[in-house]
Amino acid sequence: MKFGTVPTREAGGLIAAHTVRAHDVTLRKGLVIPAEDAARLAAGGLSELVAVTLEPGDVGEDAAAERLAAHLAGPHLTREPPFTGRCNLHAATAGLLRIDRAAIDAVNGIDEAITVATLPAHKPVVTGEMVATIKIIPYAVSGEALGRACRAAPEGVLGVAPYRLRRIGVVSTLLPGLKPATIDKTLANLRRRLAPTGAELVTDARVPHRAESLAGAIGAAIREDRAELVVVFGASAIADRRDVIPSAIEAAGGRVEHLGMPVDPGNLLLVGGVGDVPVIGAPGCARSPKENGFDWVLHRLLAGLAVTRADIVALGVGGLLMEIVSRPQPRSGGDPAQDTEGEDDA
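On a predicted model such as this, the values are computed, not experimentally measured, just so you know.

Draft legend 1. Focus on the sheet that holds strand S12 (residues 130-136). In spatial order, the strands read S7-S8-S12-S10; together these 4 strands make up an open sheet with antiparallel pairing. Each having just a single partner strand, strand S7 (77-79) and strand S10 (114-118) make up the two edges of the open sheet. Between one strand axis and the next, the sheet turns through 20° on average, direction left out of account. In this sheet, S12 lies alongside S10 in antiparallel orientation, the contact comprising 5 bridges.

Draft legend 2. Region of interest: the pattern of salt bridges. Overall, the coordinates contain 9 salt bridges when judged by the stated rule. In this structure, Asp105 and Arg101 form a salt bridge, with 3.6 Å as the shortest nitrogen-oxygen distance. With Asp105 and Arg101 both in helix H3 (residues 101-108) and 4 residues apart, this pair spans about one turn of that helix. Residue classification places Asp105 among the partly exposed positions, given a relative accessible area of 44%. Across the pair Arg255 and Glu257 runs a salt bridge, and its minimum N-O distance is 2.7 Å. Overall, Glu257 belongs to the partly exposed group, its relative accessible area being 38%. Taken together, the salt bridges that share partners define one network made up of Asp184, Asp204 and Arg206.

Draft legend 3. Spatial organisation of the layout of surface pockets. For the largest pocket, the calculated volume is near 610 Å³. For the lining of the largest pocket, the secondary structure elements donating two or more residues are H3, helix H8 (293-302) and helix H9 (309-313). Per-element accounting of the lining of the largest pocket gives the leading share, 4 residues, to H8. Here the lining of the largest pocket is built from residues that sort into 10 nonpolar, 4 polar and 7 charged.

Draft legend 4. Up close: the sheet that holds strand S5 (residues 48-53). Taken in spatial order, the 3 strands of this open sheet run S1-S5-S2, and their pairing is antiparallel. This sheet does not close on itself; its edge strands, each paired only once, are strand S1 (2-7) and strand S2 (15-16). Pairing analysis gives 2 bridges linking S2 to S5, with the strands arranged antiparallel. Its bridge partner being in S5, Ile15 is matched across the sheet by Val52.

Draft legend 5. The arrangement of the side chain of Thr186 in detail. By the element assignment, Thr186 lies in helix H5 (residues 180-194). Within polar-contact distance, the side chain of Thr186 engages the side chain of Arg287 at 2.9 Å. In contact with Thr186, not counting residues within four places along its chain, are Phe233 and Arg287.

Draft legend 6. Local environment of the environment of Gly74. Residue placement: Gly74 occurs in the loop between helix H2 (61-72) and S7. Of the residues examined, Gly74 reaches a relative accessible area of 19% and is grouped as buried. The spacing of Gly74 and Val59 is 15 residues in sequence and 23 Å in space, taken between C-alpha atoms. Among all residues touching Gly74, those that are not within four sequence positions of it are Gly156, Leu158 and Gly159.

Draft legend 7. Region of the structure containing helix H1 (residues 35-43). Listing the buried residues of H1 in full gives Asp37, Ala38 and Leu41. Each buried residue of H1 lies within a common arc of 100° when the element is viewed along its axis, so the set occupies one face. Across H1 from its buried face, at more than 90 degrees, point the exposed residues Ala35, Glu36 and Ala43. On the buried face of H1, the contacting elements are strand S3 (20-22), strand S4 (25-27) and S5. Two residues or fewer after H1 comes Gly45, characterised by a positive phi angle close to 105°.

What counts and what doesn't
Residues numbered from 1 in each chain as written. Predicted model: local features only at pLDDT ≥ 70, side-chain atom pairs only at ≥ 80, totals over all residues. Heavy atoms only, no water. Pairing = 2+ DSSP bridges. Helix = DSSP H or I, 4+ residues; strand = E, 2+ residues; numbered from the N terminus. Axes fitted to C-alpha atoms, helices over the stretch in contact; angles between N-to-C directions. Salt bridge = Lys/Arg side-chain N within 4 Å of Asp/Glu carboxyl O. Buried < 20%, exposed > 50% of the residue type's maximum accessible area, 1.4 Å probe, protein only. 1 Å grid on protein atoms, 1.4 Å probe; cavity = no way out; pocket = protein on both sides within 12 Å on 5 of 7 lines; lining within 4 Å. Points joined across faces, edges and corners; volume = space filled by probe spheres on them. Nonpolar A, V, L, I, M, F, W, Y, C, P; charged D, E, K, R; others polar. Polar contact = N/O pair within 3.5 Å; in protein donor to acceptor, adjacent residues only side chain to side chain. Contact = heavy atoms within 4.5 Å. Arc of directions from axis to C-beta.

Shape descriptors only; they carry no functional weight alone.
Dropping the structure here:
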């Protein structure tokens, strides 16, 4: 692509580099200059124009953006028509955005003319939300560079994982001092979290904070209420793998996959399962409506994505979230003895 000044009389068929308004003629930036407009401008005394000349093998900005967007777009994404070198991708359904970051980095490293910007990986999205934009910076890019950009990433590397789990069982454990209103508020916040996903609560069991009672309630939620995911809100935070909640999951015939996560608030989260039903031991901060590590794991599981130990330990960078006002500032040495309802546990 050549960019520079050309005689106005020779500009017909080239691309206007800038918008020009003169002698009752308007040339639009980025559009082909009609020969008759170039002649009128020349006749009016405008001797030069800044224009773009495509060379053999060049691909115009819109065509290039659309081609790369079509290559990157995977399941449950829609593609808008390109404009001014930009092609946007939107979610066709609610779910989690899936991205191969290394592949997108590779595309962005091919040529400065080619850019791809996305929302963060695993971000919950709603139908119609823009999740990525492919932008060609100049008015055209070489076909060779565009080809390398397409080869740098697997086809369909961007996509949305739709929410799949709909039936959520909740079991809350009880200790003296834990108010029923606290549990009610917790469940109200969970319903608000679930609203965009289409999931609903099918179990609201409240049992003593003992392993045997909790194990029975988890089993009943799965067998009798056909829960596809079980969330346990403990009256006391999980302190060890031998504590009540992990012991109850194992007593119910399940397993503990991982305890703890490098996300704050959210450190004391547990991920396990009984058969093929995931079980989350929620951290105390999950009682709050503020975003915390619980949200990250909950949405992945609702979308049917596995949450492995490797997935959890990779959350540390970016895992320091906003402080929750209700907590007694534990990062600043707050008194843990103030915790009476679990809300202040990470």
